[in-house]
Amino acid sequence: MACTRPPSAPRNAISNVNETSVFLEWIPPADTGGRKDVSYYIACKKCNSHAGVCDECGGHVRYLPRQIGLKNTSVMMVDLLAHTNYTFEIEAVNGVSDLSPGARQYVSVNVTTNQAAPSPVTNVKKGKIAKNSISLSWQEPDRPNGIILEYEIKYFEKDQETSYTIIKSKETTITAEGLKPASVYVFQIRARTAAGYGVFSRRFEFETIPVSVAASSDQSQIPIIAVSVTVGVILLAVVIGFLLSGSCCECGCGRASSLCAVAHPSLIWRCGYSKAKQDPEEEKMHFHNGHIKLPGVRTYIDPHTYEDPNQAVHEFAKEIEASCITIERVIGAGEFGEVCSGRLKLPGKRELPVAIKTLKVGYTEKQRRDFLGEASIMGQFDHPNIIHLEGVVTKSKPVMIVTEYMENGSLDTFLKKNDGQFTVIQLVGMLRGIAAGMKYLSDMGYVHRDLAARNILINSNLVCKVSDFGLSRVLEDDPEAAYTTRGGKIPIRWTAPEAIAFRKFTSASDVWSYGIVMWEVVSYGERPYWEMTNQDVIKAVEEGYRLPSPMDCPAALYQLMLDCWQKERNSRPKFDEIVSMLDKLIRNPSSLKTLVNASSRVSNLLAEHGSLGSGAYRSVGEWLEAIKMGRYTEIFMENGYSSMDAVAQVTLEDLRRLGVTLVGHQKKIMNSLQEMKVQLVNGMVPL
Ligand code: AMP
């Protein structure tokens, strides 16, 4: 019997980086060594790109499901360090590998991890405790994953969690003042880096000392304390009453009224919540959706609520000196002027690549306000999947908005340019990022209204970030936006029916748009509803038709799209549910292997809508020529597809059988067929 051998190396390894996790996938070796017991081993090396040296990764890395003896052709590594170059070597081994003196057969993958939020603060110590104050100190988190910009300390009286205070500190010590004597207070701390906030620490409880202990030193203050506590409690009750009735803004939007400020410092944020632009039902979501949105939780403030818009800009955006910016080249055109790439060098900071939006000369005051409005909104957000604002230049001309630079530009163009180039896991990684950004926005109470792949930016690590913020401007600016019968300007193909019909823009209508973005991503930037007119789209959607599954789409993703397109907006998933669902799919990639059946995808349309008929093309040849696929005319004719009616029955399997093996050609033909069917019947997949 012939000897068996070690297997050859695994093939086509690909990676997907998500913050400090890396997912690897590969295909089995071409030569299994004549045995059936192939398994895989992952070697991990941490590399210093400058010195060109690599060390073993050490014990902090976790491998899911395991590092050795992997039977499946995928693995996930978690708890890697942020901003670190790693090399993973995937080795195929079998029962005789250890006996072979030959070199190891492996494929290696180099990745750089992204920035992750800091790990929780674990070590909190009490310092000086008095009757009205508690001092605390703590240590930096074990894994800061970047430079800690500040800490957020949340505290509240035990069992009174509905009213808490937030203090921010750049130091690792604070003193909480204005506390009640002899009361237990609960403290939680979290750190923030450029990647956003980490999770809060566990709860630490400390008790202020009783008045009697401190009485000898300040007897005289007791009546004042009694009065101020009583007044405080009354005011707090009044404000909570406002909150519960959903009418916090009665206490003065935009400018925090003295009532709010006195009652509770952290309520200032709450009162900034926009009455003018946000929907009353959205407000209800915060207050009555099973849990009360706590005062102190950051909420988006509509810059329109500022009498002077300049004040909003300076509150939320840092002023940058024009001399710190070097403009390098023009990369795009915005509504207000050119978009350029360049570099930002702030004193004492590392030089950064940035995108610079400029306001063209000769602008009106309204244009300046609208242009800077975007910065006032963007500056309130701090999340790895939301485009980050570095600052604004308003004191010199041209007026500029400076943001982080996203090397791959807008997602729709990027996907069109790289048609068919990504693994499903990479596409799901992009979608996960967008959903995480949207979850953050919806938690902040911000409704985007113009979520579409063209408004997502993507960087060199394939991290997607939500961009294009504005109010009325967003829709004015978007070439996709069309006027509705009610006068509003709306990007019809991306917008939920209730938002088109009666301008009901909510986070649930953003979820609808997110479903369309999912469709755009999986179909590599295809135009939703192809060339149907806006009126036809509105009619088809109203009649219950939905976009069909893109080609080669995992069934789980298409189901999620359909869920986002539920007519009843409360039945659509929430963004946090979408994020968890996508995380589950990423953790269990085999769940993405079941694709929407290609033939059912087509016959679905056929069953409902009949055949193509004579349509726009007189012959198969004419049709194939029109889509630049004329080279297949002969094959089609020879195999019995000689009429447009016969062509209507073609499935993806048929194309493969006919020898149309190039994915790009398959897509062109199938999409053209689908488009013709949609045009013919003015409908899509019925729900
Ligand atoms: P906008 O006015 O935001 O739609 O920007 C116009 C175009 O400029 C976009 O479609 C992008 O191609 C490009 N762009 C805008 N912001 C950035 C950025 N931060 N990084 C890279 N490209 C950008």
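Residues numbered from 1 in each chain as written. Predicted model: local features only at pLDDT ≥ 70, side-chain atom pairs only at ≥ 80, totals over all residues. Heavy atoms only, no water.

Here we take up the pattern of salt bridges. Enumeration according to the criterion identifies 25 salt bridges in this entry. A salt bridge links glutamate 150 to arginine 192, with the nearest nitrogen and oxygen atoms 3.1 Å apart. Placement of the pair is glutamate 150 in strand β11 (residues 150-157) and arginine 192 in strand β14 (residues 184-193), with a sequence separation of 42 residues. Look at arginine 192 and you get buried, because its relative accessible area is 18%. With a shortest N-O distance of 3.0 Å, aspartate 654 and arginine 657 are connected by a salt bridge. Of the two residues, aspartate 654 and arginine 657 both sit in helix α20 (residues 652-657), three residues apart, roughly one turn of that helix. Residue classification places aspartate 654 among the buried residues on the basis of a relative accessible area of 15%. By relative accessible area, which is 57% here, arginine 657 ends up exposed. Taken together, the salt bridges that share partners define one network made up of Glu150, Glu152, Lys168, Arg190, Arg192 and Asp382. (Salt bridge = Lys/Arg side-chain N within 4 Å of Asp/Glu carboxyl O. Helix = DSSP H or I, 4+ residues; strand = E, 2+ residues; numbered from the N terminus. Buried < 20%, exposed > 50% of the residue type's maximum accessible area, 1.4 Å probe, protein only.)

For the rest of this paragraph, the subject is the sheet that holds strand β4 (residues 53-56). In spatial order, the strands read β4-β3-β7-β8; together these four strands make up an open sheet with antiparallel pairing. Pairing within the sheet leaves two strands with one partner each, and these edge strands are β4 and β8 (106-112). Pairs of neighbouring strands in the sheet enclose a mean axial angle of 30 degrees, with direction left out of account. Sheet analysis places strand β7 (residues 85-93) next to β8, joined by seven bridges and oriented antiparallel. (Pairing = 2+ DSSP bridges. Axes fitted to C-alpha atoms, helices over the stretch in contact; angles between N-to-C directions.)

The full count for this structure, using the stated rule, is 18 aromatic pairs. Geometrically, the ring pair formed by tryptophan 623 and phenylalanine 636 is edge-to-face, given 6.2 Å between the ring centres and 80 degrees between the ring planes. Remark: phenylalanine 636 occurs in helix α18 (residues 633-638) and tryptophan 623 occurs in helix α17 (residues 620-626); sequence separation between them is 13 residues. For phenylalanine 636, a relative accessible area of 0% gives the class buried. Cluster of aromatic residues (ring-pair linked, three or more members): Tyr300, Phe381, Tyr440, Tyr446 and Phe469. (Phe/Tyr/Trp six-rings, centres within 6.5 Å; stacked < 30°, edge-to-face > 60°.)

Not every one of the 15 residues close to the ligand is listed here, only the nearest: Lys357, Thr403, Glu404, Met406 and Asp468. Side-chain polar atom of lysine 357 to an oxygen atom of the ligand: 2.6 Å apart, as the coordinates give it. Contacts to the ligand include methionine 406, whose backbone N or O atom sits 3.0 Å from a nitrogen atom. The protein chains hide 83% of the 480 Å² of surface that the ligand would expose on its own. Contributing elements (two or more residues each) for the shell around the ligand: β17 (325-333), β19 (352-358) and β21 (400-404). Tallied by class, residues from the shell around the ligand come to eight nonpolar, four polar and three charged. (Near = heavy atom within 4 Å. Polar contact = N/O pair within 3.5 Å; in protein donor to acceptor, adjacent residues only side chain to side chain. Areas by Shrake-Rupley, 256 points an atom, 1.4 Å probe, with all protein chains shown as cover. Nonpolar A, V, L, I, M, F, W, Y, C, P; charged D, E, K, R; others polar.)

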